Amino acid sequence: MWPMAKKDPNKTKSGRPGQLEMLRVGGMDCADCAKTIEQAVTQLDGVQKAQVNFAAGTLQVEYDAEVVPRDSIIQRIHELGYRVEADESFPWKPGYDSLSVSHGVPAQERAPSRKHLADLWKRRRRDFLTVISGLLALTGWALGRSGLPEISSIVAYLLAMVTGGFYTAQAGWVALRTTHRPDMNTLMTIAAIGATLIGEWTEGAVVIFLFALGNALEAYTMDRARSTIRSLMDLSPRTATLIRNDHTETVPVEALRVGDRILVRPGERIPMDGEIIEGRSAVNQAHITGESVPVDVEQGHGVFAGSVNGQGALIIRVTRLSKDNTISRILQMVSEAQGKRAPSQRFVDTFAGYYTPIIVAIAAAVAVLPPLLTGAALSEWFYRALVLLVIACPCALVISTPVAIVSAISTAARRGVLVKGGMYLEALARISAVAFDKTGTLTKGRPVVTDVIPTNNATAEELLAIAAALEQHSEHPLAAAIVEEAVARGLAPEAAQEYQALAGRGGTALIGGEICLVGSHNFFEEKVVHEERLCTLVGQLHEVGKTAVMVSRGEEVIGIIGLADEVRPDSRTTVEALRRLGIRHTIMLTGDNERTAAAIGREAGVEDIRANLLPEDKVMAVEQLLDKYGSVAMVGDGVNDAPALARATVGIAMGAAGTDTALETADVALMADDLCGLPLTIGLSRAVLNVIRQNVAVSLLIKAAFLVAAVLGVATMWMAVFADMGTSLMVTLNGMRLLRYKPPWRSRCGTEAPPK
């Protein structure tokens, strides 16, 4: 939701639509920074909307460029002590390097200046000043023990505070002036100034240095967590080889249009989503689907931008613009997902909002009440109050959750699973039951011929050839499976004349001068006299979940063809892995008949099977499961099962690579059309919850311990800031462990749980 901007006539009097821009903001190390930036930018005249996504490290701003220039927005961010980098989230804005553009300067203008020390100083000024501050503080300590006049060490300490605290004081003042509330920079500046007023020069210098050093390290580690998903940007080439008439030319990908033909040579990355119109190769598309094994592709197959071509040259027809291709949509959704706060994060943010002002009030009471009530030394209790102010910084607590969420979402994306927000990660960790759709989820969704049973002296080849001759005119999936099987056996279907399709029942045609029929058993019950033993054979096929198609030539039934939608090889492995993860309740919801559903359910290992369900029946079934188990995940294809997916605690779509509906509607998308990603993601979600609990517990315990120590006069200022910054780094690094998450077990599916 957009923050409310300050009402100002300059913002609306022109009536012009605002210019929308995404800025990458570097140096944000906690959510408090994000709030300060958001409010400070919103206060600028001409800015209509401003929203900071702390987890992704971005600022989306809508502004009237004639009232407030872009440079003024960047300058405001710089005043707060943060840096601005260009963002390539909008592919239609060419001219910016991918990850290293600073202050919005185009890459071609920046490249030569990288070699100059002045440019390095400009880009890393805050880091250099932090190092100088540390050296000056060390110098002050040495001078204080050298026997020289005390003024020499005081000057060194003062210079250390000025160099290390310049950006801190500037950011604190801007935050106080624009948002009318103190932030951590304000509190730290007050603490340092207070230390000098009571003659604690060493304390003040060390506090400022440690705070600046902690901020630099936190910003670096947080940027590393954010950059893992940005690294996907480098997978898509920036140029493509366009085939134009009888020649080729290299063009930017932004110049390509739908329908253009591009050449991809062996070993190159595919620059655009498209369809192969010529060539055959093996393509590695692990960044989209998570599959490590290259996929064989040929004419008619779709490919994704960023995939690596194998040994064959490919000519591809572009099917999506660069800003609409699969990798761009995934990146956009992951970026949005990083900004969706999990319940634990909302709790922590709310807690921190009350916590800081309460601590400030306690600090004021500690400074004033003991001297007034007991006559204690004002300087001693004033010092203790300053220590409390340092401890009041809630940075470690606030950052404890988002860094874990960012890391987990990035890890899932790299493994072919798109999770649309931290709330869904937390919900997955608490799932107690999983409901599966059948077709396309537990099964491959494509029927294949499993049995060819000739009768009345016909051969299997004759049976298949006649069936294929009839079915080649039909678009039904069963018909396509029969034709595919005939072709695979090298059979050439005879020419069929006067073909007539009988909707939902079968078809008839003249083949070799004889009337031939193909259709269901019910159809043949009406049209063709046949033996009872054939009815028995059909019943046996139905008992094991297969569909029976009967074929006749003239007045004789020449055989039965059995077809089945095959169970995915990983279905049983996935169900077993879920069971070992503690999810005992697995349910299959299908519109198929009970016999077929029972056969598929048994093979997949599902414990509860519910058949003959319409879409609204599936929703009712999910509601019943929610009442019974409390928290239910629904896995489906993201289209036919959309109502049930929406009703479940977490909706999970299969095969989202290239499927717009699945990408848009599901809470979680298994990009590789692979069930193995489900238990892996549930394991990751539980790891996220564990990390968040660890981080919050450590933050609160350390904070509580130092609050008590501060009131008792045991803690010093530099100890407090060291503990606060150390805790922030600790929780950040703990959250970043999820970037390297691996299940604590291994199997073909990657999800076999340890022995019971």
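See the structure shown above.
Keep in mind that this is a model prediction, so the values were computed, not measured.

1. Remarks on the sheet that holds strand 15 (residues 433–437)
Here comes step 1: An order of 14-26-25-24-15-22-23 is seen for the 7 strands of this open sheet, with the pairing classed as mixed. The outermost strands of the open sheet, each flanked by one partner alone, are strand 14 (417–419) and strand 23 (608–610). Neighbour-to-neighbour, the strand axes of the sheet open up by a mean angle of 20°, direction not taken into account.
Here comes step 2: Direction of pairing for strand 15 relative to strand 24 (residues 632–636): parallel, over a ladder of 4 bridges. Among the inter-strand pairings, A435 is bridged to a residue of strand 24, identified as M634.
Here comes step 3: Strand contacts of helix 15 (residues 422–429): strand 14, strand 25 (650–654) and strand 26 (668–670), with the helix running at about 100° to strand 25, the strand carrying the most contacts.

2. Re helix 18 (residues 477–488)
Here comes step 1: Helix length check: helix 18, at 12 residues, gives a terminal C-alpha distance of 16 Å against a target of 16 Å (1.5 Å per residue), a fit within 8%.
Here comes step 2: Residues of helix 18 that are buried sit in contact with strand 16 (443–454), helix 17 (460–471), strand 20 (547–553) and strand 21 (556–567).
Here comes step 3: Note on helix 18: the residue one or two positions beyond its end, G490, has a positive phi of about 75°.

3. Digging into unusual backbone geometry
Here comes step 1: The phi angle at N245 is positive, at roughly 60°, despite the residue not being glycine.
Here comes step 2: Along the polypeptide, N245 turns up in the loop between strand 5 (239–244) and strand 6 (247–252).

4. Regarding the packing of helix 21 (residues 571–580) against helix 26 (residues 677–712)
For any two helices packed against each other, the geometry is given by the interaxial angle and the distance between the axes.
Here comes step 1: Direction vectors running N to C along helix 21 and helix 26 enclose 20°, while the axes themselves pass 8 Å from each other. Between helix 21 and helix 26, the crossing angle belongs to the class labelled roughly parallel. On helix 26, the residues that touch T574, A577 and L578 of helix 21 are L678, P679 and I682.
Here comes step 2: Tallied by class, residues from the contact of helix 21 with helix 26 come to 5 nonpolar, 1 polar and no charged.

Conventions used here
Residues numbered from 1 in each chain as written. Predicted model: local features only at pLDDT ≥ 70, side-chain atom pairs only at ≥ 80, totals over all residues. Heavy atoms only, no water. Pairing = 2+ DSSP bridges. Helix = DSSP H or I, 4+ residues; strand = E, 2+ residues; numbered from the N terminus. Axes fitted to C-alpha atoms, helices over the stretch in contact; angles between N-to-C directions. Contact = heavy atoms within 4.5 Å. Expected span 1.5 Å × (residues − 1). Parallel < 35°, antiparallel > 145°, perpendicular 65-115°, else oblique. Nonpolar A, V, L, I, M, F, W, Y, C, P; charged D, E, K, R; others polar.

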